[in-house]
Amino acid sequence: MTRLTARFWVDAYLTRLRLYDIPAFVVAHGDDNAGAVLVKLSTLDGKAVLFQRGFDLMTGVRKWQELASGQEMDVDASVTKQRSFDPDLWVIEVEDRQGRHLLDEPGLD
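Let us look at helix H1 (residues 6-19). Between its terminal C-alpha atoms H1 stretches 20 Å, which fits the 20 Å expected from 14 residues at 1.5 Å a residue. Three or more residues of H1 are buried, namely Ala-6, Trp-9, Val-10, Tyr-13, Leu-14 and Leu-17. Projected down its long axis, H1 carries its buried residues within an arc of 130 degrees, all on one side. Along H1, the residues that are exposed and aim more than 90 degrees away from the buried face are Phe-8, Arg-18 and Leu-19. Where H1 is buried, its residues meet strand S1 (24-28), strand S2 (37-42), strand S3 (47-56), strand S4 (61-71) and strand S5 (90-95). Following H1 by one or two positions, Asp-21 has its phi on the positive side, about 55 degrees.

Listed below in structure tokens is the structure:
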């Protein structure tokens, strides 16, 4: 099974968000081929949620999981901590008052 590069996935995700008029920005450019991706959702009210893609060993399914949530500055601290462990990490910031991130849609797992 062929895996998508991180860059290809990020570009496709940003395109999908644009189709829904959801602003998103690459705030940290990771490794184009194999970098992990974090998605930070800011609801523009001082709160945020940070997602990372996980792998369920029992089912073999990849899915997006919440890594941190709460005050945006606390979530930003989690991003900084993760980046200190992994310099190849991509960070995408999504801004949507309705809390839409589209990570639960088909094709983004």
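Read on for the rest.
Taking strand neighbours across the sheet as the criterion, the 5 strands line up as S1-S5-S2-S3-S4 in an open arrangement whose pairing is mixed. At either margin of the open sheet sits one strand with a lone partner, and together these are S1 and S4. Neighbour-to-neighbour, the strand axes of the sheet open up by a mean angle of 25 degrees, direction not taken into account. Note that S2 and S3 share 5 bridges and pair antiparallel. Counterpart to Lys-40 in the pairing with S3 is Leu-50. Along the sheet face, H1 touches S1, S2, S3, S4 and S5 and points at about 5 degrees away from the line of S5. Against the sheet, helix H2 (residues 72-85) contacts S1, S2, S3, S4 and S5, and its axis sits at roughly 130 degrees relative to S4.

Bringing the pattern of salt bridges into the picture now. Per the counting criterion, the structure on display carries 7 salt bridges. When the shortest N-O distance is used, the salt bridge between Arg-7 and Asp-11 registers 3.3 Å. Residue Arg-7 and its partner Asp-11 are located together in helix H1, separated by 4 residues, close to a single helical turn. Looking at Asp-11, the relative accessible area reads 35%, which means it is partly exposed. Between Arg-7 and Asp-32 there is a salt bridge, with the nearest N and O atoms lying 3.7 Å from each other. With Arg-7 in helix H1 and Asp-32 in the loop between S1 and S2, this residue pair connects regions lying 25 residues apart in the sequence. Each of Lys-40, Glu-72, Asp-76 and Glu-93 takes part in salt bridges that share partners, so that together they form one network.

So, how was this worked out
Residues numbered from 1 in each chain as written. Predicted model: local features only at pLDDT ≥ 70, side-chain atom pairs only at ≥ 80, totals over all residues. Heavy atoms only, no water. Helix = DSSP H or I, 4+ residues; strand = E, 2+ residues; numbered from the N terminus. Expected span 1.5 Å × (residues − 1). Buried < 20%, exposed > 50% of the residue type's maximum accessible area, 1.4 Å probe, protein only. Arc of directions from axis to C-beta. Contact = heavy atoms within 4.5 Å. Pairing = 2+ DSSP bridges. Axes fitted to C-alpha atoms, helices over the stretch in contact; angles between N-to-C directions. Salt bridge = Lys/Arg side-chain N within 4 Å of Asp/Glu carboxyl O.

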